[in-house]
Amino acid sequence: MIYKQNIEVPSYLCDIDDRLHVWAAIRLCQEVTEYHGNATGIGFKTLVAQNRAWVITHAFYNIYRLPDAFEQIMLNTWSRGNNGLLANRDYRVQNAAGETLLTGTSAWALIDMTTRRVMRLNDVIANYENHPECATQYDKLAKLQIPEMSDGDLAIQRPVSFAMLDHTQHMNNSEYIRMIFDCLHERGFSTARPFTLEMNYAHESRLGDTLNLFLKQVDDSSFIQISNSRGVSITAKVTPLQ
């Protein structure tokens, strides 16, 4: 029920302080998800043959400490069941001493690769083995409410490049996280301190799109909206952990 993978943190995924990038930590969670999916018959290769693919819709992470380059860590993931349309998946990242470095809760939809429409899950994971434990303080993720953004809140504009795409033919969700923390770093945010990251995914971004990142600070929280030509692509909230 719980899939585990031990790895040594590659230095090429780390920042100037030899600390794992936030986007890389989330990408590793995606990778262990793929390994678990492959091991249980619902991975990309199996589903793409049926013209289906998983896409993430909601995510929440507690990031207590980003591991150092060459540190030994264990990635844990498990399915927590589904409501017929969204499948819940949780994460826990620990170091060799058993210290919890990151926990995550996420929701995933299965889409038709041609129409990009959400499909029912009953015929795909009806008998899938689940583990009921919730890794974070949220067993269900609601729509993230963010303040209204204006032209004055525009912080970054970037084109979607070929290197940002993944095998679902759209920009990988970790690339939004890279963009967010590039922006926050310019404003003095430090990933050396614990924080939470919450994200909602709406419209996918494709090669040739231009992304507009809007940022608004409310008390301790940073609210982010990233839009493309089809509308809002993602909303996010980053808050220091006390």
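Nothing here was measured: the structure is a model prediction, and the numbers come from that model.

Thresholds applied
- Residues numbered from 1 in each chain as written.
- Predicted model: local features only at pLDDT ≥ 70, side-chain atom pairs only at ≥ 80, totals over all residues.
- Heavy atoms only, no water.
- Helix = DSSP H or I, 4+ residues; strand = E, 2+ residues; numbered from the N terminus.
- Buried < 20%, exposed > 50% of the residue type's maximum accessible area, 1.4 Å probe, protein only.
- Polar contact = N/O pair within 3.5 Å; in protein donor to acceptor, adjacent residues only side chain to side chain.
- Contact = heavy atoms within 4.5 Å.
- Phe/Tyr/Trp six-rings, centres within 6.5 Å; stacked < 30°, edge-to-face > 60°.
- Core = buried A, V, L, I, M, F, W, Y, C linked by side-chain atoms within 4.5 Å.
- Pairing = 2+ DSSP bridges.

We now examine the side chain of R52. Relative to the elements of secondary structure, R52 occurs in strand β2 (residues 52–63). Its relative accessible area of 14% is what places R52 among the buried residues. Polar contacts involving the side chain of R52 include one to the side chain of Q50, which spans 3.3 Å. Residue contacts for R52: discarding those within four places in its chain leaves L47, L110, I111, M113, M119, D123 and V124.

Moving on, we get to the packing of aromatic side chains. As enumerated under the stated definition, the model contains 5 aromatic pairs in all. Geometrically, the ring pair formed by F60 and Y138 is edge-to-face, given 4.8 Å between the ring centres and 80° between the ring planes. In this pair, F60 is assigned in strand β2 and Y138 in the loop between α3 (122–125) and β7 (154–159), connecting sequence segments 78 residues apart. Accessibility expressed as a relative area gives 38% for Y138, which makes it partly exposed. An angle of 45° between the planes, with centres 5.5 Å apart, marks the rings of F181 and F195 as tilted.

In terms of nonpolar packing, the biggest core is built from 59 residues, with I180 and F181 touching the most fellow members. Per element, the largest residue contribution to this core is 8 residues, and it comes from helix α1 (residues 22–39). Excluding residues within four positions of it along the chain, I180 makes contact with M199, L213, I224, I226, I234, A236 and V238.

Okay, the pairing of β2 next. On a regular strand, each side chain points to the face opposite its neighbour's, so the side chains alternate between the two faces of the sheet. Burial runs high along β2: 12 of the 12 residues are buried. Across 11 bridges, β2 lies against strand β5 (residues 100–112) in antiparallel orientation. Across the sheet, residue A59 finds its bridge partner in β5, namely S106. Of the pairings in the sheet, the one linking β2 to strand β8 (residues 195–201) comprises 6 bridges and is antiparallel in character.

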